[in-house]
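Examining the three-dimensional arrangement
Letter by letter, the chains look like this.
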Amino acid sequence: GMDSAISGRPCDFSKKLFALGVFPGERVILITRNRIQGVIALLGIWFANATAVLIDPNLTKSILEKQIKTADARFILLENEQQSIEIKNNIISETQQKDCDENIATLIFTSGTTGDYKAVVLRHDQYIYLTQFYNTLSEQTGCCLTVLPLFHVAGLFCGFLQPLLLGVRIVFFR
(Lines give C-alpha, C1' and ligand atoms only; values in the text may rest on other atoms or scores of the structure.)
Protein backbone atom coordinates (compact mmCIF):
# COMPACT_ATOMS: atom_id res chain seq x y z
CA GLY A 1 0.00 0.00 0.00
CA MET A 2 0.89 3.65 -0.11
CA ASP A 3 3.30 4.84 2.61
CA SER A 4 1.24 5.99 5.58
CA ALA A 5 3.22 9.25 5.70
CA ILE A 6 1.61 10.43 2.43
CA SER A 7 -1.59 8.41 2.18
CA GLY A 8 -3.95 11.20 3.32
CA ARG A 9 -2.15 14.07 1.63
CA PRO A 10 -3.59 13.67 -1.90
CA CYS A 11 -7.10 13.68 -0.33
CA ASP A 12 -6.25 16.85 1.60
CA PHE A 13 -4.91 18.42 -1.61
CA SER A 14 -8.08 17.51 -3.52
CA LYS A 15 -10.12 19.21 -0.77
CA LYS A 16 -8.08 22.40 -1.38
CA LEU A 17 -8.94 22.16 -5.08
CA PHE A 18 -12.65 21.62 -4.32
CA ALA A 19 -12.55 24.67 -2.00
CA LEU A 20 -11.18 26.72 -4.92
CA GLY A 21 -14.14 25.58 -7.03
CA VAL A 22 -12.35 23.07 -9.27
CA PHE A 23 -15.10 21.08 -10.97
CA PRO A 24 -15.06 17.52 -12.40
CA GLY A 25 -13.15 17.36 -15.67
CA GLU A 26 -11.60 20.81 -15.25
CA ARG A 27 -8.02 21.11 -16.49
CA VAL A 28 -5.43 21.95 -13.81
CA ILE A 29 -1.85 22.68 -14.86
CA LEU A 30 0.93 20.98 -12.88
CA ILE A 31 4.52 22.19 -13.40
CA THR A 32 6.88 20.20 -11.18
CA ARG A 33 9.95 18.00 -11.10
CA ASN A 34 9.91 14.40 -9.87
CA ARG A 35 9.22 15.03 -6.21
CA ILE A 36 6.73 13.66 -3.73
CA GLN A 37 5.00 17.07 -3.60
CA GLY A 38 4.28 16.79 -7.33
CA VAL A 39 2.95 13.25 -6.92
CA ILE A 40 0.65 14.40 -4.09
CA ALA A 41 -0.61 17.26 -6.28
CA LEU A 42 -1.15 14.92 -9.27
CA LEU A 43 -3.11 12.42 -7.19
CA GLY A 44 -5.02 15.32 -5.60
CA ILE A 45 -6.03 16.56 -9.05
CA TRP A 46 -7.28 13.08 -9.91
CA PHE A 47 -9.07 12.68 -6.55
CA ALA A 48 -10.87 15.95 -7.41
CA ASN A 49 -11.98 14.28 -10.70
CA ALA A 50 -10.04 16.92 -12.61
CA THR A 51 -7.61 16.58 -15.52
CA ALA A 52 -3.88 17.07 -14.88
CA VAL A 53 -2.04 19.07 -17.54
CA LEU A 54 1.59 18.07 -17.05
CA ILE A 55 4.15 20.63 -18.23
CA ASP A 56 7.96 20.44 -18.26
CA PRO A 57 9.38 22.96 -15.75
CA ASN A 58 12.58 23.27 -17.81
CA LEU A 59 10.98 24.78 -20.92
CA THR A 60 11.92 28.22 -22.19
CA LYS A 61 9.59 31.00 -21.04
CA SER A 62 8.00 31.38 -24.51
CA ILE A 63 7.24 27.65 -24.92
CA LEU A 64 6.01 27.44 -21.33
CA GLU A 65 3.62 30.35 -21.96
CA LYS A 66 2.43 28.73 -25.20
CA GLN A 67 1.66 25.42 -23.43
CA ILE A 68 -0.13 27.22 -20.59
CA LYS A 69 -2.24 29.08 -23.17
CA THR A 70 -2.99 25.80 -25.01
CA ALA A 71 -4.01 24.11 -21.74
CA ASP A 72 -6.55 26.88 -21.12
CA ALA A 73 -6.86 26.20 -17.38
CA ARG A 74 -7.91 28.43 -14.47
CA PHE A 75 -5.30 27.09 -12.05
CA ILE A 76 -1.56 26.46 -12.26
CA LEU A 77 0.15 24.34 -9.62
CA LEU A 78 3.78 25.33 -9.53
CA GLU A 79 6.74 24.05 -7.54
CA ASN A 80 8.42 26.92 -5.68
CA GLU A 81 11.97 27.35 -4.33
CA GLN A 82 10.97 25.60 -1.09
CA GLN A 83 9.89 22.61 -3.21
CA SER A 84 6.28 22.93 -2.13
CA ILE A 85 3.36 23.36 -4.51
CA GLU A 86 1.81 26.82 -4.93
CA ILE A 87 -1.61 27.31 -6.47
CA LYS A 88 -1.75 30.29 -8.83
CA ASN A 89 -4.72 31.70 -10.70
CA ASN A 90 -4.37 31.80 -14.46
CA ILE A 91 -5.96 34.26 -16.86
CA ILE A 92 -9.67 33.53 -17.23
CA SER A 93 -10.83 32.73 -20.76
CA GLU A 94 -14.24 32.02 -22.27
CA THR A 95 -13.26 28.50 -23.29
CA GLN A 96 -11.92 27.20 -19.96
CA GLN A 97 -15.11 25.34 -19.15
CA LYS A 98 -15.45 23.80 -22.62
CA ASP A 99 -14.24 20.31 -23.52
CA CYS A 100 -13.96 19.29 -19.87
CA ASP A 101 -14.34 15.57 -19.27
CA GLU A 102 -13.71 13.79 -15.99
CA ASN A 103 -12.67 10.65 -17.94
CA ILE A 104 -9.54 12.50 -19.11
CA ALA A 105 -6.63 11.80 -16.76
CA THR A 106 -3.90 13.86 -18.36
CA LEU A 107 -2.97 16.28 -21.08
CA ILE A 108 0.70 15.69 -21.86
CA PHE A 109 2.65 17.65 -24.45
CA THR A 110 4.81 15.92 -27.04
CA SER A 111 8.50 16.84 -27.06
CA GLY A 112 8.11 18.88 -30.25
CA THR A 113 10.70 16.97 -32.29
CA THR A 114 8.57 17.10 -35.47
CA GLY A 115 7.35 20.69 -35.12
CA ASP A 116 5.16 22.39 -32.54
CA TYR A 117 4.38 20.72 -29.25
CA LYS A 118 1.04 18.93 -29.36
CA ALA A 119 -1.19 18.16 -26.40
CA VAL A 120 -2.01 14.45 -26.11
CA VAL A 121 -5.20 13.49 -24.27
CA LEU A 122 -5.02 10.30 -22.18
CA ARG A 123 -8.02 8.88 -20.35
CA HIS A 124 -8.03 6.97 -17.07
CA ASP A 125 -9.21 3.80 -18.84
CA GLN A 126 -6.19 3.92 -21.16
CA TYR A 127 -3.81 3.94 -18.17
CA ILE A 128 -5.79 1.08 -16.60
CA TYR A 129 -5.58 -0.91 -19.85
CA LEU A 130 -1.81 -0.38 -20.00
CA THR A 131 -1.50 -1.46 -16.37
CA GLN A 132 -3.40 -4.70 -17.00
CA PHE A 133 -1.23 -5.39 -20.05
CA TYR A 134 2.08 -4.69 -18.27
CA ASN A 135 1.13 -6.57 -15.09
CA THR A 136 2.07 -9.79 -16.87
CA LEU A 137 5.49 -8.38 -17.81
CA SER A 138 6.40 -6.59 -14.56
CA GLU A 139 8.18 -7.68 -11.40
CA GLN A 140 5.84 -7.44 -8.42
CA THR A 141 8.60 -7.07 -5.85
CA GLY A 142 11.59 -4.85 -5.23
CA CYS A 143 12.08 -1.22 -6.02
CA CYS A 144 11.60 1.04 -9.05
CA LEU A 145 14.13 3.80 -9.75
CA THR A 146 12.30 6.49 -11.70
CA VAL A 147 14.58 8.58 -13.90
CA LEU A 148 12.14 9.76 -16.56
CA PRO A 149 10.14 12.89 -15.74
CA LEU A 150 6.48 12.55 -14.71
CA PHE A 151 5.44 15.10 -17.37
CA HIS A 152 6.46 12.43 -19.94
CA VAL A 153 4.03 9.56 -20.52
CA ALA A 154 6.73 6.89 -20.06
CA GLY A 155 7.88 8.48 -16.81
CA LEU A 156 4.33 8.84 -15.53
CA PHE A 157 3.25 5.35 -16.49
CA CYS A 158 6.38 3.18 -16.19
CA GLY A 159 8.03 5.16 -13.43
CA PHE A 160 5.03 5.90 -11.23
CA LEU A 161 1.59 4.44 -12.03
CA GLN A 162 2.67 0.88 -12.83
CA PRO A 163 4.96 0.48 -9.79
CA LEU A 164 2.34 2.15 -7.56
CA LEU A 165 -0.36 -0.27 -8.69
CA LEU A 166 2.02 -3.22 -8.24
CA GLY A 167 2.80 -2.05 -4.71
CA VAL A 168 6.49 -1.64 -5.53
CA ARG A 169 8.60 1.00 -3.73
CA ILE A 170 9.29 4.02 -5.98
CA VAL A 171 12.49 6.07 -5.76
CA PHE A 172 12.80 9.31 -7.75
CA PHE A 173 16.20 10.08 -9.25
CA ARG A 174 17.07 13.78 -9.01
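Preceding this section is the structure that the text describes.
About the thresholds
Residues numbered from 1 in each chain as written. Predicted model: local features only at pLDDT ≥ 70, side-chain atom pairs only at ≥ 80, totals over all residues. Heavy atoms only, no water. Phe/Tyr/Trp six-rings, centres within 6.5 Å; stacked < 30°, edge-to-face > 60°. Helix = DSSP H or I, 4+ residues; strand = E, 2+ residues; numbered from the N terminus. Buried < 20%, exposed > 50% of the residue type's maximum accessible area, 1.4 Å probe, protein only. Contact = heavy atoms within 4.5 Å. 1 Å grid on protein atoms, 1.4 Å probe; cavity = no way out; pocket = protein on both sides within 12 Å on 5 of 7 lines; lining within 4 Å. Points joined across faces, edges and corners; volume = space filled by probe spheres on them. Nonpolar A, V, L, I, M, F, W, Y, C, P; charged D, E, K, R; others polar. Expected span 1.5 Å × (residues − 1). Pairing = 2+ DSSP bridges. Axes fitted to C-alpha atoms, helices over the stretch in contact; angles between N-to-C directions.

1. Digging into the packing of aromatic side chains
Within the structure shown, the criterion is met by one aromatic pair. Summarising the aromatic geometry, the rings of Trp46 and Tyr127 are spaced 6.4 Å apart at their centres and angled 45 degrees between planes, so their arrangement reads as tilted. Of this pair, Trp46 sits in helix H2 (residues 36-47) while Tyr127 sits in helix H4 (residues 124-135), and the two are 81 residues apart along the sequence. Taking relative accessible area as the criterion, Tyr127 reaches 5% and is therefore assigned buried.

2. Focus on the environment of Leu148
Positionally, Leu148 belongs in the loop between strand S7 (143-146) and helix H5 (153-166). Placed 25 residues apart in sequence, Leu148 and Phe173 show a C-alpha to C-alpha distance of 8.4 Å. Setting aside residues up to four positions removed in sequence, Leu148 forms contacts with Asn34, Ala154 and Gly155.

3. Examining empty space enclosed by the protein
Left-over empty space is what a probe sized like a water molecule reveals as it rolls over the atoms. With the rule as written, the count across this model stands at one cavity of 30 Å³ or more. Of the pockets and cavities examined, the largest cavity occupies roughly 60 Å³. As for the largest cavity, its lining consists of Leu30, Thr32, Gly38, Leu42, Leu54, Ile55, Leu150 and Phe151. For the lining of the largest cavity, the elements supplying multiple residues, two or more each, are H2 and strand S2 (51-55). For the lining of the largest cavity, the class distribution of residues is six nonpolar, two polar and no charged.

4. Quick look at H2
Along its twelve residues, H2 runs 16 Å from first to last C-alpha, staying within 8% of the 16 Å computed at 1.5 Å per residue. The buried count for H2 comes to nine of twelve residues, which makes it a mostly enclosed element. Taken residue by residue, H2 has Gly38, Val39, Ile40, Ala41, Leu42, Leu43, Gly44, Ile45 and Trp46 as its buried positions. Positive phi appears at Asn49, one or two residues downstream of H2, with a value of about 60 degrees.

5. Things to note about the sheet that holds strand S5 (residues 104-109)
With mixed pairing, six strands are arranged side by side in an open sheet as S4-S3-S1-S2-S5-S6. One side of each edge strand has no neighbouring strand; the edge strands of this open sheet are strand S4 (85-89) and strand S6 (119-123). The average undirected angle you get between the axes of adjacent strands in this sheet is 25 degrees. In this structure, S5 lies alongside S6, joined through five bridges in antiparallel fashion. Bridging across to S6, Leu107 finds its partner in Val121.

Read these as spatial facts, not as claims about activity.
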